[in-house]
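Letter by letter, the chains look like this.
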Amino acid sequence: MAPETPGSESRETQETLSNLLHETRRFAPPADLAAAANVTAEAYAEAEQDRLAFWEKQADRLSWSKRWDTTLEWNPPFAKWFVGGELNIAYNCVDRHVEAGRGDKVAYHWEGEPEGDSRTLTYSDLQREVAKAANALQELGVGKGDRVAVYMPMIPELPITMLACARIGAIHSVVFGGFSSAALSGRIQDADAKIVVTADGGYRRGAPSALKPTVDEAVKECPGIEHVLVVRRTGQEVSQTEKDVWWHDIVDRQADVHEARPNDAEDPLYILYTSGTTGRPKGILHTTGGYLTQVAYTHHAVFDLKPDTDVYWCTADIGWVTGHSYIVYGPLANGATSVIYEGTPDTPHRGRFWEIVQKYKVTILYTAPTAIRTFMKWGDDIPAKYDMSSLRILGSVGEPINPEAYVWYREHIGKDRAPVVDTWWQTETGGIMISPLPGVTSGKPGAAMRPLPGISADVVDDQGNTVGNGGGGFLVLREPWPSMLRTIWGDDQRYIDTYWSRFEGMYFAGDGAKKDEDGDLWLLGRVDDVMLVSGHNISTTEVESALVSHPKVAEAAVVGATDPVTGQAIVAFVILRGNAEESADIAAELRNHVAKSLGPIAKPRQILVVPELPKTRSGKIMRRLLRDVAENRSVGDVTTLADSTVMNLISEKLPSAK
Ligand code: ATP
Ligand code: MG
């Protein structure tokens, strides 16, 4: 708790987030985009008037084998959507486009990391490949309701495997290919999977990176695994076990037709474990009809997807929910042409992303703030070398986007034409929940703006009362939504405790947010990261954004460290931009800059210039470890870090800041 300091605020103020940032820039939608937009402002009014009718209309964008009887059955906090309806997701994502005469349309332009290694799959190709994989899985004894663990690089066989599972009603559990054998075996055991689909390896930073040995290790701990299906990707040496089956041995000889049987709207589609930055991983369960309805609708609305002319690229890994919903299910349900890239953005050079945009004339790009800040750090001259005039919409997801990163993205990638859509959602929500609509919304840098039509989000104080405009607090969802998680796999109680117990009758997302004077929403990061300085709750995001708005700073992470005077004091870790020199007075310069942007209350006690920041494997800053450094403790568990040596680099910088 904060000590009593003169002028300290009332209890009420302490329990909501201070609202410090004042951002006045606005970007209206381009007129041509607005004139032809898939979704207009009317959608808000329509959904407002009859939310369930609105979602029924979106469900009608799909092809159902049997129409549902009841749109929503809500026994809080357990929801069933489109009850009694039947559909097959693989049919919706693939076959129906072929049947509609669009079989020659490209579904995926796949770009391997080694240059020149690429593959094109049309919807007809995808139909054949998915049929063969579905037949092979059935030959291996996989049936409806069985769990299939998937541990693969970003190769076409990954979405093919997911669609094959969906086709036969098996439940996939994709585990990000960077996770350890312990993480993999824990997830296999929790889901009780009977087969693992993997590859010998994938390409990462210019070299083959093995996956199979990790699977071998993991499977030793998983007696329930009957087969390991292995794609040959890199050709590297792999040890063989009696459970192994090569993909080319079994899949290639299958018939390339497969009858898709309808599944129930509430049949499970997949389990996806949240990354575990906050404790034991949770197996988030998504089902069929509502999930596909929302991911297809949001992909159509937020990215204004025009299937005949757009080339869409989401740079996430399919191992994260963003890849599930916006590389696989949403885009395919909409008949989109997408790019999939296997590797890292700096291989073999730092212009690789922009080279890919230029090569495929990408029109819609969806990436993460961590990537954008990295590109800022590398310098403006790199994207400037490529022709990116095809880009018309830019998306962001994963963390709050700092206003400066948003403006940089717009300017240097979008050439000041393409609007930025900052999309807030989670593994648990399955699909985008809060986002601008590119043809409707005048964007504010750093704001996710409004809940999408049909979604009801709010910001509440500690007591669960809605905050007024200008207030801050906890982000909640007030009504069930079609792609919501149905439970935590095997643990209904944990589902209730984690998401539905903090506030009566509301889903608590774990994030802080504020409403500005217009009622638009600004996401402020996880509530666990909020700092309490002299009686003010201050979000790390706002201080980080103020730091990033200084021309010398590319990236910043801020934590609250125990302080005898102020309760907590702000300690900032910053990475400088490529062209910025580390001068002796940089800390003072940045401290003053923050005080000027946000007010003296937010002035960091300490600023450390560091070469890297600790990030999770999905690229999010891990503030917990930085708090350990700031409070002079030994650094906690680093196993979920993408690169565990980063903490040594940071600790080395420490004495100079004292
Ligand atoms: P874990 O739950 O295992 O700790 P995680 O929360 O990082 O991991 P995800 O479900 O991938 O896993 O991420 C969702 C979270 O990411 C959100 O709760 C929010 O904190 C953050 N986030 C995602 N998109 C945005 C956005 N546009 N603006 C602000 N924060 C975002
Ligand atoms: Mg989370």
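The model shown is predicted, which means the values in this text are computed figures rather than measured ones.

Here we take up the overall build of the protein. Counting its regular elements, the protein contains 21 helices and 30 strands. Over its C-alpha trace the protein gives a radius of gyration of 24 Å, about what one expects of a compact globule, namely 26 Å for 658 residues. Taking all 658 residues of the protein together, 64% fall into the buried category. Sequence-distant contacts, at least 24 apart, represent 72% of the contacts inside the protein between residues at least 6 apart. Surface accessibility of the protein: about 23,700 Å² in total, with carbon and sulfur atoms responsible for 47%. Across the protein, the 67 positively charged side chains and the 89 negatively charged ones have centroids separated by 2 Å.

Glancing now at the packing of helix α5 (residues 89-102) against helix α7 (residues 157-168). Look at α5 against α7: their axes get within 7 Å of each other, and the N-to-C directions meet at 120°. With respect to their mutual orientation, α5 and α7 come out oblique. For the pair formed by α5 and α7, the contact residues are I89, A90, Y91, C93, V94 and D95 on the first element and L163, A166 and R167 on the second. In the contact of α5 with α7, the residues fall into 7 nonpolar, no polar and 2 charged.

Another point: unusual backbone geometry. In this structure, P77 follows P76 across a cis peptide bond, with omega equal to -5°. Take P77: it is sitting in the loop between β1 (70-75) and β2 (78-83). Note that the residue after T347, namely P348, is joined by a cis bond; omega there is -5°. Positionally, P348 belongs in the loop between β17 (337-341) and α13 (352-360). Here K415, not a glycine, exhibits a phi torsion of approximately 50°, which is positive. Tracing the backbone through its elements, the reader meets K415 in the loop between α16 (403-413) and β20 (420-422). On the basis of relative accessible area, K415 is assigned to the partly exposed category, the value being 33%.

Our focus in this paragraph is the nonpolar core. Ranked by internal contacts, the top residues of the largest apolar core, which has 135 residues, are L126, F303 and Y329. Counting residues in hydrophobic clusters, the runner-up holds 58 residues, among them V311, I356, W378 and Y409.

Once that is clear, we can look at the side chain of T374. Among the secondary structure elements, T374 is positioned in helix α14 (residues 369-378). The class for T374 is buried, based on a relative accessible area of 18%. Polar side-chain contacts of T374 include one of 2.8 Å to the backbone oxygen of T370.

Applying the stated criterion across every chain, the model contains 42 salt bridges. Where R253 meets E139, a salt bridge forms, and the shortest distance between an N and an O atom there is 2.8 Å. Here the residue R253 occupies a position in the loop between α10 (247-250) and β13 (263-264), and E139 occupies one in helix α6 (residues 123-139), the gap between them amounting to 114 residues. Its relative accessible area of 53% is what places R253 among the exposed residues.

Time to look at the packing of aromatic side chains. With the rule as written, the count across this model stands at 36 aromatic pairs. Both rings, one in Y326 and one in W425, keep their centres 5.1 Å apart while their planes meet at 85°; by these two values the pair is edge-to-face. With Y326 in helix α12 (residues 321-333) and W425 in the loop between β20 and β21 (457-460), this pair connects stretches of sequence that are 99 residues apart. For the pair Y326 and W425, one class covers both residues: buried. Summarising the aromatic geometry, the rings of F375 and W378 are spaced 5.7 Å apart at their centres and angled 65° between planes, so their arrangement reads as edge-to-face. Taken together, the residues span about one helical turn, with F375 and W378 both in helix α14 at a distance of 3 residues. For the pair F375 and W378, a shared accessibility class is recorded, and that class is buried. Feature note: the residues W74, F78, W481, Y495, Y499, W500 and Y507 constitute an aromatic cluster, connected by ring pairs. Seen from the ring of W522, K514 lies directly overhead, with NZ or CZ sitting 5.2 Å from the centre.

Below, the discussion takes up the pairing of β2. The pairing of β1 with β2 spans 5 bridges and is classified as antiparallel. For W74, the partnering residue across the bridge sits in β2 and is A79. In this antiparallel pair of consecutive strands, β1 and β2, the connection spans 2 residues.

Residues V646, M647 and I650 constitute the buried set of helix α21 (residues 646-653). Looking straight down α21, one finds its buried side chains confined to an arc of 95°; they lie on one side. In this structure, the buried side of α21 is in contact with β29 (567-576) and α20 (623-630).

Before going further, it helps to examine the side chain of E404. Looking at where E404 falls in the secondary structure, it is placed in helix α16. Looking at E404, its side chain comes within polar contact range of the side chain of R25, at 3.2 Å. In contact with E404, other than residues within four places in its own chain, are R25, M376, V548 and S549.

Here we come to the pairing of strand β11 (residues 227-231). Extensive coverage of β11 is indicated by the burial of 4 of its 5 residues. Pairing between strand β8 (residues 195-199) and β11: 5 bridges, direction parallel. In the sheet register, A199 faces β11, and the bridge partner there is V231. Taken together, the 3 bridges between β11 and strand β12 (residues 244-246) define a ladder with parallel strand orientation. Along β12, the bridge assignment pairs V228 with D244.

The topology assignment puts A509 in strand β24 (residues 507-515). Judged by its relative accessible area of 11%, A509 is buried. Considered as a pair, A509 and A136 are 373 residues apart in the sequence and their alpha carbons are 39 Å apart.

This part covers α6. The end-to-end C-alpha distance of α6 is 24 Å, a good match for the 24 Å that 17 residues give at a rise of 1.5 Å each. Of the residues trailing α6, G141 is marked for its positive phi of about 90°.

Moving on to the confidence of the model for the protein. On average, residues of the protein carry a pLDDT of 93, and 96% of them reach 70 or more. Ignoring residues within four places in sequence, the model shows residues 1-14, a span with pLDDT below 50, making 16 contacts including any to other chains. Predicted as a complex, the structure gets a pTM of 0.94 and an ipTM equal to 0.99.

Take the sheet that holds strand β5 (residues 118-122) next. Sheet architecture is open: 7 strands sit in the order β5-β4-β17-β16-β18-β19-β20, paired in mixed fashion. Each edge of the sheet is formed by a strand with only one pairing partner; in this case those strands are β5 and β20. Strand-to-strand twist in this sheet, taken as the mean axis angle between neighbours without regard to direction, amounts to 20°. As paired elements, strand β16 (residues 311-314) and strand β18 (residues 364-367) share 3 bridges and run parallel to each other. Across the sheet, W313 pairs through a bridge with L365, a residue of β18. Each of β18, β19 (393-396) and β20 touches α16; the most contacted strand, β19, lies at about 150° to it.

Analysis parameters
- Residues numbered from 1 in each chain as written.
- Chains lettered and ligands numbered in written order.
- Predicted model: local features only at pLDDT ≥ 70, side-chain atom pairs only at ≥ 80, totals over all residues.
- Heavy atoms only, no water.
- Helix = DSSP H or I, 4+ residues; strand = E, 2+ residues; numbered from the N terminus.
- Rg over C-alpha atoms; globule rule 2.2 N^0.38 Å.
- Buried < 20%, exposed > 50% of the residue type's maximum accessible area, 1.4 Å probe, protein only.
- Contact = heavy atoms within 4.5 Å.
- Areas by Shrake-Rupley, 256 points an atom, 1.4 Å probe, with all protein chains shown as cover.
- Lys, Arg positive; Asp, Glu negative; His and termini not counted.
- Charge placed at Lys NZ, Arg CZ, Asp CG, Glu CD.
- Axes fitted to C-alpha atoms, helices over the stretch in contact; angles between N-to-C directions.
- Parallel < 35°, antiparallel > 145°, perpendicular 65-115°, else oblique.
- Nonpolar A, V, L, I, M, F, W, Y, C, P; charged D, E, K, R; others polar.
- Core = buried A, V, L, I, M, F, W, Y, C linked by side-chain atoms within 4.5 Å.
- Polar contact = N/O pair within 3.5 Å; in protein donor to acceptor, adjacent residues only side chain to side chain.
- Salt bridge = Lys/Arg side-chain N within 4 Å of Asp/Glu carboxyl O.
- Phe/Tyr/Trp six-rings, centres within 6.5 Å; stacked < 30°, edge-to-face > 60°.
- Lys NZ or Arg CZ within 6 Å of the ring centre and 35° of its normal.
- Pairing = 2+ DSSP bridges.
- Arc of directions from axis to C-beta.
- Expected span 1.5 Å × (residues − 1).
- pLDDT = per-residue confidence, 0-100.

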